[in-house]
Amino acid sequence: MFTATTILAVKKDGHTAMAGDGQVTMGNAVIMKNTARKVRRLYHGKIIAGFAGSVADAFSLFDKFESKLRDCNGNLVRAAVEFAKDWRSDRVLQKLEALLILTDGEHLFLVSGSGEVIEPDDGILAIGSGGNYALAAARALAQSTNLSAREIAEKSLHIAADICVYTNHNVIVEEI
């Protein structure tokens with residue numbers, strides 16, 4: 001799966017921030033857009049979701065996940081597990097190429113089409129091409145500074161953008 005973007009979520013001191021860059025890359029060589037919004041709020045603003053992967057696939061997944069949230073009365077844990085089951089077993093959904101990070105401020109999950117629903121031990125998750133750079137930066141900042149979740153997420157995305165050609169400095173942050 002080619003995930004040319006960077007999405008990072010940081011949970012710290014009762015706050016969770018999710019940041020994403022705005023670059024859309026066509027193939028391996030052309031930047032098509034600099035201001036895409038890959039982090040958004042769902043379910044009446046109570047859930048923050050970020051995606052890496054195909055944009056059309058991600059929008060389909062957001063719609064399906066929001067429907068699952070409604071079915072589960074906004075319960076993120078239940079909705080994420082049920083959604084992962086559907087994604088893994090549905091023939092149409094299986095073909096969708098994306099990864100999602102989901103949070104309600106209390107829980108933080110990475111959800112994939114192969115059935116993973118992963119909650120990190122340290123409250124930090126990252127996906128996409130620049131994900132490992134942002135993850136390393138966020139872990140270092142969380143351990144060695146007093147920065148807020150939002151500040152760590154934003155600074156880490158900028159560090160990733162300095163390293164990863166599929167990540168830009170047009171960072172969007174949502175906090176819950």
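It should be noted that the structure appears before, not after, this text.
Residues numbered from 1 in each chain as written. Predicted model: local features only at pLDDT ≥ 70, side-chain atom pairs only at ≥ 80, totals over all residues. Heavy atoms only, no water.

Turning our attention to the overall build of the protein. Within the protein, the secondary structure is distributed over 5 helices and 11 strands. The C-alpha radius of gyration computed for the protein amounts to 15 Å, which stays within 12% of the reference 16 Å derived for 176 residues, consistent with globular compactness. Oriented by its inertia axes, the alpha-carbon framework of the protein measures out at about 40 × 40 × 25 Å. For the protein, buried positions account for 49% of its 176 residues. Contacts in the protein between residues at least 24 apart in sequence constitute 60% of all its contacts with a sequence separation of at least 6. (Helix = DSSP H or I, 4+ residues; strand = E, 2+ residues; numbered from the N terminus. Rg over C-alpha atoms; globule rule 2.2 N^0.38 Å. Buried < 20%, exposed > 50% of the residue type's maximum accessible area, 1.4 Å probe, protein only. Contact = heavy atoms within 4.5 Å.)

In terms of nonpolar packing, the biggest core is built from 24 residues, with Leu 61, Phe 65, Trp 87, Leu 100 and Val 111 touching the most fellow members. Element by element, the count of residues in this core is highest for helix H2 (residues 76-89), at 6 residues. In this structure, Leu 61 is in contact with Phe 83, Trp 87, Leu 93, Leu 96, Ala 98 and Leu 100, ignoring residues within four places of it in sequence. Counting 18 residues, the second largest nonpolar core, distinct from the first, contains Ala 17, Ala 126, Ile 152 and Val 173. (Core = buried A, V, L, I, M, F, W, Y, C linked by side-chain atoms within 4.5 Å.)

Quick look at the pattern of salt bridges now. Under the definition given, this model contains 7 salt bridges. Ionic pairing is found between Arg 37 and Glu 174, a salt bridge with its closest N-O pair at 2.4 Å. One end of the pair, Arg 37, is in the loop between strand S4 (30-33) and strand S5 (39-42); the other, Glu 174, is in strand S11 (residues 172-175), and 137 residues separate them in sequence. Relative accessible area serves as the criterion here: at 37%, Arg 37 is assigned to the partly exposed category. The class for Glu 174 is buried, based on a relative accessible area of 13%. In this structure, Lys 85 and Glu 82 form a salt bridge, with 3.2 Å as the shortest nitrogen-oxygen distance. (Salt bridge = Lys/Arg side-chain N within 4 Å of Asp/Glu carboxyl O.)

For the rest of this paragraph, the subject is the environment of Thr 145. In this structure, Thr 145 sits in the loop between helix H4 (131-144) and helix H5 (149-163). Placed 57 residues apart in sequence, Thr 145 and Arg 88 show a C-alpha to C-alpha distance of 39 Å. From its side chain, Thr 145 meets the backbone oxygen of Leu 141 in a polar contact 2.5 Å long. (Polar contact = N/O pair within 3.5 Å; in protein donor to acceptor, adjacent residues only side chain to side chain.)

Moving on, we get to the packing of H4 against H5. Between H4 and H5, whose axes approach to 8 Å, the crossing angle comes to 140 degrees. Viewed along their axes, H4 and H5 adopt a mutual orientation that is oblique. As for how H4 packs across H5, the hand of that crossing is right-handed. For the pair formed by H4 and H5, the contact residues are Tyr 133, Ala 134, Ala 137, Ala 138, Leu 141 and Ala 142 on the first element and Ile 152, Lys 155, Ser 156, Ile 159, Ala 160 and Ile 163 on the second. Residue classes in the contact of H4 with H5 are distributed as 10 nonpolar, 1 polar and 1 charged. (Axes fitted to C-alpha atoms, helices over the stretch in contact; angles between N-to-C directions. Parallel < 35°, antiparallel > 145°, perpendicular 65-115°, else oblique. Left-handed = near helix turned anticlockwise from the far one by under 90°. Nonpolar A, V, L, I, M, F, W, Y, C, P; charged D, E, K, R; others polar.)

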